[in-house]
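Coordinate inspection notes
For reference, the chains in residue letters:
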Amino acid sequence: MPALVQLLARRLLGLLATLLVASFVVYTSIYLSPGSPESVLFGGRQPSPELLAAARAHLGLDEPFLVRYFHWLREVLGGDLGTSLISQQPVTAKLGHPLEVTVLLVLYAAAIIVVAGLGLGLLSALNPGIVDAGITGLVSVATAVPAFVASSVLISVFAVRLGWFPPFGFGDSVGGHLRALTLPAVSLAIISSGLVARVTRAAALEQNSSEHVRTAVSRGVSRRRIIRTHVLRNAAGPIATVTGLQVAGLLAASVVVEQAFGLGGLGQVLISSVQQKDFPVVQAICLLLVAAFVVLNLTADLIGLLIDPRARKASTA
Amino acid sequence: MKVRTHRRLALALLVPALAATAACSSSGSNAGAAPTGGNISKIAAGKVLTGTAKNDVDSVTWYGDYRPLYTLDPLKLADYPEETVIPNLCEPMLRVAPDYKISTGAVAYEQPDATHLVLTLQPGVTFSDGTAVTADDVAFSIQRNLDPKVLSNYYPAFANVAKVAVTGDRTVTLTMAKPDYTVVSALSTVAGAIVKKAFVERTGDSFGAPNVGVMCTGPFSFASYDGTSKLVLTRNEHYWDTAHRAHVKTFTFQFPADPGALANALASGEIQGAMNVPTNLATTLKSATNGKMYVGSEGSTPINIDVLMTRSTGTLAAPKVRQALSMALDRKAIAAQIFHGLADPLYRVAGPGTWGYARDTFAADYAKLPKTPDVTAAAKLVDEAGAKGASAVFAYPSGDPQSAQLATVLQQTAKQIGLNLQIKALPLQQYGNLFSSPKARAAYDAILTKNYVETPDPLLMDRLYGGTSGGTNFSGYSNADVDAHIAEATATSDPAARATAVLAAEHQLDQDLPSIPVVGQRALVFVSDNLTGAPLTFAYMSAPWAAQIGAE
């Protein structure tokens, strides 16, 4: 186990380094992209040069490139993510609601991916013939439906025509949130569910035809037990890795779905903040996304390690 | 299906505006020159509201326009979302009726001469926390427009104001450096909202930020705003003007960025009403079963879409070339094909939507303008100017299909008359920069703009793009006659006399075309069947309109 702790420590250190590099890269690219926050503040009006200078000084935009970056870094290390240049709202307050939306959406979609992906994959691997063919067909279609197409279709069928789910917004109560997020989560999960189902099917088939499973069958071990301890457990490694990657990818993909359903999540705030060059907000969101991506991957790896002692030995050796 | 947001951020140019009717009166009586309101919905001519609400409603959700508000401070940003929501919290100190008539609100006004404006605070006016408004608050609120540190978007409208002084227990006097009858109109926009001085001083830079809110005198008070998706107002139970008390207890604004999402939200009733509906949603919403779409007639908004010149040199700097481009443009086809009939051909930048007074005079003059495109004569003009085969660059905002189509039509028209117009789509932020940075504009000969004035007066539009120091005069256009006529109109209170001066300036601008008019937009409003009282005119941009929404 100390080896596992060491591994964790190493990965966390890697996370910090990644965050630092990412923050600098993002900062530089915002700095170099055209546009400026003060032009947002002036709307369609041409300010006098003095007024423009006053606004820039007020927003701290008159400082040199690196000074501004280190200034920001010092504040973040002190636990302060800063204030939005455009709305003068603390960044943490500004990101509260969007974060809630995106996290719930991604969790919901992840649950669908795990249940549908694993379920369909296993069902298909264990029932060769018509079930397998049917599911394989379905999965092939699913992996070809991008989220923006899925959301359009789902909105028009289940929200507009049938009226089962709201086509727009986040709802008010917890139940309302779940109802409102159902269509977005399904739209988001379709492709990934298909991919996970494919990987699950392949891994399960491979295990199914392996020697230890055949031995177990010949020894008369129950089918249920074979699936649980011999097939699933051995197939778990690749499935966990792919699922982890897919779920981490949802963070970035959710923006399309958020836009279509008017959810006001992190992705939408990121886009508008990039357009406004609202540097502290963009930085905070990017850091959140990078951190979430790394942590999700780490979680997937850890799950794989916990399930499979061989991998544990290999990675900690 | 996903059409990117029809963005208007940088397009919206504001001129705190005036109805001349108000300027000419001494105590707010506006007889004689009331705008006849070109805001006729298809439902009934001359209608300015969808109906009259008589009953209260617990909660309503409305469209707050194309993006969340950046700030609740009434002065910080003059754009659709801010001017849609803020007047309900921070009403202008003068009352603007749905037909644009200006009358006594929290203050009464009197303009004894062209350089003085006296405001008298009405008894019983309170902030939404129940405390009384003082003359000091009124003066402070106006003064904020003049303070460079506040960065008021409305600053130019107060350019002639030299002094704001408390001159009595209930009176505030404005002294102008130059004769100016247009300040009254600026006070009838959110620039004239009364904010509580103590609250502003206490909150400092964060005044108006989503987590802080505002303290004003409107029929609603600030409840909560997450800064990104949901802004909640509650009825101001201390509202001083009991005759205009709000019918709705909780008024929520949402800001779907995607037009498709807005259409779905309206059609399903998640959002119950919207003004300024993107024109490309008209076909979808026509078939909605839970509400009605109201379409204004020609001139139902003062929004005009133009080709604005941005360079003092180059191909388009020659007036003849501009005349040729304008002459060849098939505006009727553009209005019908690109805007689906929800816009009208516009032959003068200050078109029908801006005629708030002397309407007949303006209309008669407008009728004389040539309206049939003449490509042959235009090509000849280009030849005469020696510009055959010359190039120019035109920039437009990417993201909405109509701007792109319009740019393509312009390019084709230019080609027909022997000009090589290169068109360039700019991402919104880069496009927005064109308005604040001469350096950003340097690469382009002309850009697409969408202008509006809050209250209809052609003078304000003309001053903006045709005056030497106009806010969007980016091509360095300067004509002494035009400037003189504009100054004369600004200093004239009589509507007929002002119209004469305005027309004199416009006849010159028609020839010189520092901005080429293309189309004027019609009002497009959607309201759920269970609600009524929605405004059908552009006056909502400067009035607490949400107070009128309720059940029949």
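Residues numbered from 1 in each chain as written. Chains lettered and ligands numbered in written order. Predicted model: local features only at pLDDT ≥ 70, side-chain atom pairs only at ≥ 80, totals over all residues. Heavy atoms only, no water.

Quick word on the overall build of chain B
Regarding its fold elements, chain B presents 17 helices and 20 strands. Radius of gyration (C-alpha) of chain B: 23 Å, near the 24 Å computed for a compact globule of 552 residues. Along the longest, intermediate and shortest principal axes, the C-alpha atoms of chain B span 70 × 55 × 40 Å. The buried share of chain B, taken over its 552 residues, is 65%. Of the contacts made within chain B by residues no fewer than 6 positions apart, 74% connect residues no fewer than 24 positions apart. For chain B, the computed accessible surface area is about 17,800 Å², with 52% contributed by carbon and sulfur atoms. Of the charged side chains in chain B, 44 are positive and 47 negative, and the gap between their average positions amounts to 5 Å. (Helix = DSSP H or I, 4+ residues; strand = E, 2+ residues; numbered from the N terminus. Rg over C-alpha atoms; globule rule 2.2 N^0.38 Å. Buried < 20%, exposed > 50% of the residue type's maximum accessible area, 1.4 Å probe, protein only. Contact = heavy atoms within 4.5 Å. Areas by Shrake-Rupley, 256 points an atom, 1.4 Å probe, with all protein chains shown as cover. Lys, Arg positive; Asp, Glu negative; His and termini not counted. Charge placed at Lys NZ, Arg CZ, Asp CG, Glu CD.)

Notes on the packing of helix α11 (residues 266-276) of chain A against helix α12 (residues 279-307) of chain A
Residue and element names in this part refer to chain A. Remark: α11 packs on α12, axes separated minimally by 9 Å, with the N-to-C direction vectors making an angle of 140°. Compared by their axis directions, α11 and α12 come out oblique. Handedness of the crossing formed by α11 with α12: left-handed. Taking contact as the criterion, the partners of Leu-266, Val-269, Leu-270, Ser-273 and Val-274 in α11 are, on α12, Val-281, Val-282, Ile-285, Cys-286, Leu-288 and Leu-289. (Axes fitted to C-alpha atoms, helices over the stretch in contact; angles between N-to-C directions. Parallel < 35°, antiparallel > 145°, perpendicular 65-115°, else oblique. Left-handed = near helix turned anticlockwise from the far one by under 90°.)

As for the interface of chain A and chain B
Listed by partner, the interface residues are 40 residues for chain A and 48 residues for chain B. Buried surface at the junction of chain A and chain B, summed over both partners, amounts to about 3,700 Å²; 55% is from carbon and sulfur atoms. Applying the counting rule to chain A against chain B returns one salt bridge. Taken together, the connections running from chain A to chain B amount to four residue pairs in polar contact (both at pLDDT 80 or more). For the side of chain A that touches chain B, the per-class residue count stands at 19 nonpolar, 18 polar and three charged. (Buried area = accessible area lost by both parts, 1.4 Å probe. Salt bridge = Lys/Arg side-chain N within 4 Å of Asp/Glu carboxyl O. Polar contact = N/O pair within 3.5 Å; in protein donor to acceptor, adjacent residues only side chain to side chain. Nonpolar A, V, L, I, M, F, W, Y, C, P; charged D, E, K, R; others polar.)

Looking at a nonpolar patch on the surface
All names here are of chain A. Side chains of Leu-99, Val-103, Leu-107 and Leu-288 sit close together on the surface and give an oily, nonpolar patch of about 310 Å² of accessible area. No other element matches the three residues that helix α5 (residues 91-126) contributes to the nonpolar patch. Along the chain, Val-103 turns up in helix α5. Val-103 gets classed as partly exposed once you look at its relative accessible area, which sits at 43%. (Patch = residues over 30% accessible without salt bridge, like charges linked within 9 Å, V, L, I, M, F, W, Y side chains within 5 Å.)

Digging into the pattern of salt bridges
Residue and element names in this part refer to chain B. Counted according to the given criterion, the structure contains 22 salt bridges over all chains. Its salt-bridge partner being Asp-79, residue Arg-67 comes within 3.2 Å of it at the nearest N-O pair. Of this pair, Arg-67 sits in the loop between β2 (57-63) and α2 (80-89) while Asp-79 sits in the loop between β2 and α2, and the two are twelve residues apart along the sequence. The same class applies to Arg-67 and to Asp-79, which are both buried.

Regarding the domain arrangement of chain B
All names here are of chain B. The domain architecture assigned to chain B consists of domain 1 (40-72 + 225-298 + 523-548) and domain 2 (303-521). Taking the mean C-alpha position of each, domain 1 and domain 2 sit 31 Å from one another. For the pair domain 1 and domain 2, the summed buried area comes to about 1,100 Å², and 63% of that belongs to carbon and sulfur atoms. It is Thr-279, Glu-298 and Phe-538 that lose the most area in domain 1 upon contact with domain 2, and together they represent 55% of the buried surface on that side. Counting every contact that joins domain 1 to domain 2 gives zero salt bridges. Partitioning the side of domain 1 that touches domain 2 into residue classes produces six nonpolar, five polar and one charged. (Domains from an automatic or database assignment.)

Comments concerning the sheet that holds strand β5 (residues 107-113) of chain B
All names here are of chain B. On the basis of which strands lie adjacent, the open sheet formed by four strands has the order β5-β6-β8-β7 and antiparallel pairing. The strands lining the two open edges of the sheet, one partner per strand, are β5 and β7 (161-166). Adjacent strand axes in the sheet meet at a mean angle of 20°, parallel and antiparallel pairs treated alike. Here β5 pairs with strand β6 (residues 116-121) via five bridges, running antiparallel. Of the residues in β6, the one forming a bridge with Ala-108 is Thr-120. Packing of helix α3 (residues 135-146) onto the sheet brings it into contact with β5, β6, β7 and β8 (171-176), and relative to β7 it is tilted by some 160°. (Pairing = 2+ DSSP bridges.)

As for the packing of helix α8 (residues 319-328) of chain B against helix α11 (residues 375-384) of chain B
Residues and elements named next belong to chain B. Put simply, α8 and α11 touch, their axes get as near as 8 Å, and they point 165° apart. The pairing of α8 with α11 is recorded here as roughly antiparallel in orientation. Taken as a pair, α8 and α11 cross one another with a handedness that is left-handed. Here Lys-320, Gln-323, Ala-324, Met-327 and Ala-328 of α8 come into contact with α11, specifically with Val-375, Ala-377, Ala-378, Leu-381, Val-382 and Glu-384. Looking at the contact of α8 with α11, its residues break down into eight nonpolar, one polar and two charged.

Some details on the state of the cysteines
All names here are of chain B. Scanning the model with the defined rule gives one disulfide over all chains in all. Across the disulfide, Cys-90 is cross-linked to Cys-216 (sulfur-sulfur distance 2.1 Å). Residues Cys-90 and Cys-216 share a disulfide whose torsion about the S-S bond is about 65°; that sign makes it right-handed. Of the two residues, Cys-90 is situated in the loop between α2 and β3 (94-96) and Cys-216 in the loop between α5 (197-203) and β9 (220-225); the sequence distance between them amounts to 126 residues. Residue classification places Cys-90 among the buried positions, given a relative accessible area of 0%. A relative accessible area of 2% places Cys-216 in the buried class. (Disulfide = S-S within 2.5 Å.)

Here's the deal with the packing of aromatic side chains
All names here are of chain B. Enumeration over the complete set of coordinates arrives at 31 aromatic pairs over all chains. On the numbers, 6.0 Å between centres and 75° between planes, the contact of Phe-253 with Trp-545 is edge-to-face. Taken together, the residues Phe-253 in strand β11 (residues 248-254) and Trp-545 in the segment after β20 (524-528) connect sequence positions 292 residues apart. Residues Phe-253 and Trp-545 agree in their burial class; the two are buried. Looking at Lys-371, its charged tip hangs above the ring of Tyr-366, at a distance of 5.3 Å from the centre. Over the aromatic face of Phe-474 sits the side chain of Arg-441, whose NZ or CZ is 3.8 Å from the ring centroid. (Phe/Tyr/Trp six-rings, centres within 6.5 Å; stacked < 30°, edge-to-face > 60°. Lys NZ or Arg CZ within 6 Å of the ring centre and 35° of its normal.)

Some words on the side chain of Thr-310 of chain B
All names here are of chain B. Among the structural elements, Thr-310 can be located in the loop between β14 (304-309) and α8. A polar atom in the side chain of Thr-310 sits 3.3 Å from the backbone nitrogen of Ala-446. In contact with Thr-310, not counting residues within four places along its chain, are Arg-441, Tyr-444, Asp-445, Ala-446, Ile-447, Phe-474 and Ser-475.

Some remarks on the confidence of the model for chain A
Averaged over chain A, the pLDDT score is 85; the fraction of residues at 70 or greater is 96%. Mean pLDDT across the elements of chain A ranges from a minimum in helix α13 (residues 309-316) of chain A, with 65, to a maximum in helix α6 (residues 130-142) of chain A, with 92. (pLDDT = per-residue confidence, 0-100.)

Notes on the pairing of strand β18 (residues 446-451) of chain B
Residues and elements named next belong to chain B. Here β18 lies mainly inside the structure; six of its six residues are buried. Of the two faces of β18, the one holding Ala-446, Leu-448 and Lys-450 and the one holding Ile-447, Thr-449 and Asn-451 are both buried throughout. Pairing between β14 and β18: six bridges, direction antiparallel. Each bridged residue has a counterpart across the sheet, and for Leu-308 the counterpart in β18 is Ile-447. Here strand β16 (residues 391-397) pairs with β18 via two bridges, running parallel. Looking at β18, one finds that Ala-395 is bridged to Ile-447.

A word on the nonpolar core
Residues and elements named next belong to chain B. Of all hydrophobic cores here, the largest spans 106 residues; its most connected members are Trp-62, Leu-119, Phe-158, Leu-174 and Phe-251. When residues in this core are grouped by element, the largest group, six residues, is from α3. Grouped together as the second largest cluster of nonpolar side chains are 35 residues, Trp-355, Ala-358, Phe-435 and Leu-503 included. (Core = buried A, V, L, I, M, F, W, Y, C linked by side-chain atoms within 4.5 Å.)

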